[in-house]
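Here is what each chain is made of, one letter per residue.
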Amino acid sequence: MKLPPNVRTNASADPMIAGRGQFSAISLASIIAIAMFMFLLEKIGVPKNYNDFLFAVFVAGTLCIIGFRSATVYYSDWFVCGTRVVAPINGMALAIMGMAGCFLLTLPGLYFSESRLAPAILAAPLAGLALSSFFTGPFISQSGTVSLGAFLAKRYKSRVLTLLVLLAVTACCLLFLWSQLSIVAALGTKFADIDKKYILFTVAIVMAITVVPGGLFAVLRANVFCYILAAVAILGAVIWLSAITTAIPFPQIGMGSAALDPVAALESQLDEVRIPRIGAGVETGWPQITSISQAVLIFLILAVGFMAMPALLSGFQPIPGPYTARKSAGWAILFCAIVLTAIPAIAAFTKLGIYSSLLGITAEEVGEDAGWIFWWSGQTAVLTPDEPLFKICGKAVQSIVEVVTACGGNPDHAVGPADIGVHGELPLYALAEIMALPEALTVLAAAGLIAASIAVANMFAFTIGSALSEDGRACFTVRALPDTARVFAARLGVLAGIAAAAALAENVNVNPLEPMLWAIAISASVIAPCLVLSIWWRRTTLLAAITGMLIPACILIAAFASRFETGFGLPWLKQTYTAMGSYLAPNASNLPVPIVAAIIAMPLAICSIVAISFLTKRPATGVGRALMHHPDPQ
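Conventions and cut-offs
Residues numbered from 1 in each chain as written. Predicted model: local features only at pLDDT ≥ 70, side-chain atom pairs only at ≥ 80, totals over all residues. Heavy atoms only, no water. Helix = DSSP H or I, 4+ residues; strand = E, 2+ residues; numbered from the N terminus. Buried < 20%, exposed > 50% of the residue type's maximum accessible area, 1.4 Å probe, protein only. Contact = heavy atoms within 4.5 Å. Areas by Shrake-Rupley, 256 points an atom, 1.4 Å probe, with all protein chains shown as cover. Phe/Tyr/Trp six-rings, centres within 6.5 Å; stacked < 30°, edge-to-face > 60°. Lys NZ or Arg CZ within 6 Å of the ring centre and 35° of its normal. Axes fitted to C-alpha atoms, helices over the stretch in contact; angles between N-to-C directions. Parallel < 35°, antiparallel > 145°, perpendicular 65-115°, else oblique. Left-handed = near helix turned anticlockwise from the far one by under 90°. Nonpolar A, V, L, I, M, F, W, Y, C, P; charged D, E, K, R; others polar. Expected span 1.5 Å × (residues − 1). Patch = residues over 30% accessible without salt bridge, like charges linked within 9 Å, V, L, I, M, F, W, Y side chains within 5 Å. Salt bridge = Lys/Arg side-chain N within 4 Å of Asp/Glu carboxyl O. Lys, Arg positive; Asp, Glu negative; His and termini not counted. Polar contact = N/O pair within 3.5 Å; in protein donor to acceptor, adjacent residues only side chain to side chain. Disulfide = S-S within 2.5 Å.

Q: What is the right way to look at the overall build of the protein chain in this model?
A: Helices and strands together make up the secondary structure of the protein chain, namely 28 helices and 2 strands. Put simply, the protein chain has 634 residues, and 59% of those count as buried. Within the protein chain, counting contacts between residues at least 6 apart in sequence, those at least 24 apart form 82% of the total. Of the roughly 24,100 Å² that the protein chain leaves accessible, carbon and sulfur atoms contribute 66%.

Here it is, written out as structure tokens:
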């Protein structure tokens, strides 16, 4: 909704929105100050759990303060309509979407094991941001709507299509929100040793206090804070290492001479004597990909899924035009790349530290030279909860006696690469301890992961509220509601989304990567074809758009049913999907089910939209023009 030029909202007067930069500077200064205080506490011998508690209170308290400070009763503020958020600030808020917990957790392991999938996973969020800035993002705010369903309803004026979009958006956002809350709960349980249900309850309360009072206005501010925290926390240890070893505080540049060269020399010697490298068989949560074509397919689905992700499109709402949208996306790609492109350095320094501290020592010397393994052997991974983060001779160990026992009972057994088992999540958590840096950096890394996951969850919770409020009303009534009632309904939708995702995270034990991939599959195959063709091809008809959503939705449902022996009690459903998958995606047998389903569904959706559009009556002249031509306001 565009406001008249003379209307001034709380959001437009906010220092963050106005571009003066105080909020970002204060956030950075406070994060550095609390980190320095944690280092001091560690030096004077304060137990580690005190630092954990201190930082948790700092993060939760800051997010709650942001929520209270952003509280508004105005529709225009809650949805950030009619304001002009400066490109760098909005770019920082968008960048956090590419740093979802599952990506941050899997990337170090993929690079540690030198998987061909690693570049694809790293590049997919960046490509999704770039594609969104061109094909989808700018046109959301241009239409004057605040939800994806309302955007397409302006094009087709159909309640049926609006209902389909509402269902797709709600399912997509709920799955992604479930994934993020599962990660936060697992990390909190690991580092704070608190029952999962209490962590989920606390996180749900913090999210509600953050999002419900201020809506997107609050989410933007929270995302900026969480991005700064995640960047400082995740990159802190590797920047430190790069600076002290090469005098270059940029790990993307300095890791070559500091980590890659020594690791390459060691592994060359291992190859000469035919000893397997330490990265062999690392568990990452992803299947072992040996084909470049499979990596390309995964990259394609992830990039297209990000391009049309409803929560990412919500982040484009406050952008007034295509030029500003692309400028914001450029900043988002830069900010996201700063963090993601440093992850290979995290993996390289971790591998160097493990080689340096473990190779050549005996089983009984492990505790003297690498005592950190006892803590991390006792911790399990987030993405694969049954797997310990570290193993010696195939077993998780808690003491020297267990190390000796695991290695055949011989205290003089020389530890070799084949005896070392590393989980792919370990580098992100344990780099500081492996390289003998302050332990507070480990707490920072965990806090950065949690902050990034909460920030992404906030955006998805807001999007659920917007969809239920705007699209739900449009589906069942034509009567216009007062702005206060629309904001109230959106707030109820946010609370319902958070509660449903928290309940799923508590009661359904699943690899958090799986619901995230199903969300991306919905976005890539159900939402993206209909959305992109509706914007860019005016020949698209209503029946084609509806069919183009129903066909991929049915394929995804059949794919989900194929995971169960009974196929929802419909054996033919499972058999039909299995036959279709073997015919349309014969080289994708070892890929995750949601990825395979999207590979099948996306081209069928595109073909069905094009075919039915040609078989049905051409839309009236000018239909769709309002979605395409809106220059930036002066």
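Q: Help me understand the packing of aromatic side chains, please; the structure alone is not making it clear to me.
A: Two numbers describe a pair of aromatic rings. These are the distance of the centres and the angle of the planes. Under the criterion given, the structure shown has 20 aromatic pairs. On the basis of an interplanar angle of 15° and a centroid distance of 5.4 Å, the ring pair of Phe134 and Trp536 is categorised as stacked. Of this pair, Phe134 sits in helix H7 (residues 118–135) while Trp536 is found in helix H24 (residues 513–536), placing the two residues 402 residues apart along the sequence. Given the relative accessible area of 39%, Phe134 is considered partly exposed. Of the aromatic side chains, those joined through ring pairs into one cluster are Tyr75, Trp78, Phe79 and Phe462. The cationic tip of Lys351 hangs over the ring face of Phe112; the distance from NZ or CZ to the ring centre is 5.0 Å.

Q: When you look at unusual backbone geometry in this model, what are you seeing that I'm missing?
A: Of note, the phi angle at Glu114 is positive, near 55°, even though the residue is not glycine. Structurally, Glu114 is set in the loop between helix H6 (101–112) and H7.

Q: How do you make sense of the packing of helix H3 (residues 48–69) against helix H22 (residues 440–476) when you look at a structure like this?
A: Two quantities define a packed helix pair, namely the angle between the axes and the distance from one axis to the other. It is at 10 Å that the axes of H3 and H22 come closest, and there the two elements cross at 30°. Here H22 runs roughly parallel to H3, going by the angle between their axes. Considering only the axes of H3 and H22, their crossing is right-handed. The segment H3 lies against H22, with Lys48, Asn51, Asp52, Phe55 and Leu63 engaging Ala440, Val443, Leu444, Ala447 and Ile454. A per-class count over the contact of H3 with H22 returns 7 nonpolar, 1 polar and 2 charged.

Q: Just to check I follow, could you spell out the environment of Ala414 for this structure?
A: Mapped onto the elements, Ala414 comes out in the loop between helix H20 (400–406) and strand S2 (420–422). Separated by 56 residues in sequence, Ala414 and Leu358 place their C-alpha atoms 9.3 Å apart. Residue contacts for Ala414: discarding those within four places in its chain leaves Ile361, Thr362 and Asp419.

Q: When you look at helix H17 (residues 343–358) in this model, what are you seeing that I'm missing?
A: Taking 1.5 Å per residue, 16 residues should reach 22 Å; H17 reaches 22 Å between its end C-alpha atoms and fits that length. Across the 16 residues of H17, 15 count as buried, placing the element largely inside the fold.

Q: What am I meant to see in a nonpolar patch on the surface here?
A: On the surface, Leu28, Ile32 and Met36 cluster together into a nonpolar patch covering about 270 Å² of accessible area. By the secondary structure assignment, Ile32 is in helix H2 (residues 22–43). According to the relative accessible area criterion, Ile32 is partly exposed, its value standing at 42%.

Q: Which parts of the structure should I look at to understand the side chain of Arg539?
A: Mapped onto the fold, Arg539 is located in the loop between H24 and helix H25 (542–561). Although Arg539 is buried, it forms no salt bridge, and the closest oppositely charged side chain is Asp471 at an N-O distance of 25 Å. A polar contact is formed between the side chain of Arg539 and the backbone oxygen of Ser613, at a distance of 2.5 Å. When near neighbours in sequence (up to four residues on either side) are disregarded, Arg539 contacts Ser613, Phe614, Thr616, Lys617, Arg618 and Pro619.

Q: Even after reading the chapter, I still don't get the environment of Ala519, so can you show me in this structure?
A: Relative to the elements of secondary structure, Ala519 occurs in helix H24. As a C-alpha pair, Ala519 and Ala168 span 351 residues in sequence and 9.3 Å in three-dimensional space. What Ala519 contacts, discounting residues up to four positions off in sequence, is Cys172, Leu175, Phe176 and Met309.

Q: So what exactly am I meant to see when it comes to the packing of helix H21 (residues 426–434) against H22 here?
A: Interhelical geometry of H21 versus H22 gives an angle of 165° and a closest axis separation of 8 Å. Of the possible angle classes, the one that applies to H21 and H22 is roughly antiparallel. Remark: the crossing between H21 and H22 carries right-handed chirality. Of the residues in H22, those in contact with Leu428, Tyr429, Ala432 and Glu433 of H21 are Leu441, Thr442, Ala445 and Leu449. Looking at the contact of H21 with H22, its residues break down into 6 nonpolar, 1 polar and 1 charged.

Q: Quick question: what am I supposed to make of the side chain of Glu425 here?
A: The residue Glu425 is located in the loop between S2 and H21 in this model. Side-chain polar atoms of Glu425 contact the side chain of Tyr429, separated by 2.9 Å. Those residues in contact with Glu425, other than ones at most four positions away along the chain, are Leu105, Ala381, Val382, Leu383, Thr384 and Leu389.

Q: Please clarify how the state of the cysteines should be interpreted in this entry.
A: The bond known as a disulfide is covalent and runs between the sulfur atoms of two cysteines. Counted by the stated rule, this structure contains 1 disulfide. Sulfur-sulfur distance for the disulfide between Cys393 and Cys407 comes to 2.1 Å. Taking the sign of the S-S torsion, about 90° here, the bridge from Cys393 to Cys407 comes out right-handed. On the criterion of sequence distance, the pair formed by Cys393 in the loop between strand S1 (390–392) and H20 and Cys407 in the loop between H20 and S2 is long-range, its members being 14 residues apart. On the accessibility criterion, Cys407 (8% relative accessible area) is buried.

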